Structure formats: structure tokens, C-alpha cells
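# Architecture and fold: a report
Now for the letters of each chain:
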Amino acid sequence: MTIKMDNIGIVVEDLTSAIEFFTELGLELEGRAMADGEWAGRVTGLGDQSVEVAMMRTPDGHGRLELSRFLKPDVIADNRRAPVNALGYLRVMFEVEDLDDTLQRVSQRGAELVSDEVVQYQDVYRLCYIRGVEGILIGLAQKLR
């Protein structure tokens, strides 16, 4: 049996700002479109819906992030500021070449470290969590070897 993870989905309020943030992080915009009508609602179980979607991909082509902005129905919950130990989806993690440079660039778009520091795990990784655009929890890792 073959299985491949296609993408991770994140619901946002401001799709343009989210695209700009993830572009600054290093992802590329693959496409932007509307997913609306009865067919889309059958997939999600939400009925008649209207969603603006942007698909972002990592430069290596192996990872994709689907950003969605619901026009209808209204968003019903906001879990973006949940702590790291909350049940459910935690975060999306990206490996970057230069963690310090990445942090400097995304901080200009409002990203903030979750803790007080970037942590080194043995001589393998430098790691941190940030709150990015709209408070989305993102992990960043720089491989040291």
C-alpha cells in the first residue's frame, strides 16, 4: 500500500497576509481559487459553502500547505492561541537552512518566539516554536549536521 501526505490545511481570516507570511518563510504560491457550492459542502459536511483557498508548497515540492478563508458558513471556533499541550492539531514544522535569518525575516511580519530562546538539541538541531500570521503555531528547525 502506498500513502502520501498531500497537504496540511489551516483556516485563516486574512488570506493575503497568510500568503505573504508563508512566502517570506520560503514557501511558494502554487495557486489560489474558490471552492464553493454544494459539491464542496458535501466533502466537508458544511452544506453550501464558499471558501477562498491558496495552496502553498515547499521549494523541494514535497510539502504543501492549504490556506483557507471561509466566506460562508461563518467560522465557529478559534483555537489559534491554544497552548502547545492542547488536544488536537499542534503545529506545522518546517526545516530551514538558516534559523536566525528566517526568524529575522518572519519577525518583520509579526512572528514571535513562543519561548524566550532558540534551543539546541544535542548537535543535531536548533529548534523553536513561533506564533506566526494570525497566531498560528509553527515549528522551525535547522539541521546542524
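The model shown is predicted, which means the values in this text are computed figures rather than measured ones. (Residues numbered from 1 in each chain as written. Predicted model: local features only at pLDDT ≥ 70, side-chain atom pairs only at ≥ 80, totals over all residues. Heavy atoms only, no water.)

### Description of helix α1 (residues 15-25)
In plain terms, the rule: Categorising residues by exposure relies on relative accessible area from a 1.4 Å probe, with only protein chains included: less than 20% of the type maximum marks a residue as buried, more than 50% marks it as exposed, and the intermediate range marks it as partly exposed. Helix and strand definitions here come from DSSP, where helices need a minimum of 4 consecutive H or I residues and strands a minimum of 2 consecutive E residues; each element is numbered from the N-terminal end. Taking the helix axis as origin, the arc is that swept by the directions to the C-beta atoms. In protein, a polar contact requires one atom able to donate a hydrogen and another able to accept it; more generally it is a pair of N or O atoms within 3.5 Å, and residues adjacent in sequence count only if both atoms are side-chain atoms.
For α1, the full list of buried residues reads Leu15, Ala18, Ile19, Phe21, Phe22 and Leu25. Down the axis of α1, the smallest arc covering the buried residues is 165°, so these residues share one side. Its side-chain oxygen at 3.2 Å from the backbone nitrogen of threonine 16, aspartate 14 defines the N-terminal cap of α1. Positive backbone phi, approximately 125°, marks glycine 26, located one or two places after α1.

### Some details on the packing of α1 against helix α3 (residues 99-107)
To describe two helices that pack against each other, one gives the angle between their axes and the distance between the axes. Stated precisely, the cut-off is as follows: Helix axes are fitted only over the stretch in contact, all axes being lines through C-alpha atoms; the angle between N-to-C directions runs from 0 to 180 degrees. Should an angle fall under 35 degrees it is called roughly parallel, over 145 degrees roughly antiparallel, and 65 to 115 degrees roughly perpendicular, with every other angle called oblique. Take the far helix as your reference; a near helix turned counterclockwise from it by less than a right angle gives a left-handed crossing, and one turned clockwise gives a right-handed crossing. Should any heavy atoms of two residues lie within 4.5 Å, those residues are counted as being in contact.
Across the interface, α1 lies against α3 with an axial gap of 9 Å and an inter-helix angle of 160°. Between α1 and α3, the angle is such that the two are roughly antiparallel. Helix-helix and strand crossings are classified by hand; for α1 and α3 the assignment is right-handed. For the pair α1 and α3, the contacting residues are Phe21, Glu24 and Leu25 in the first and Thr102, Arg105 and Val106 in the second.

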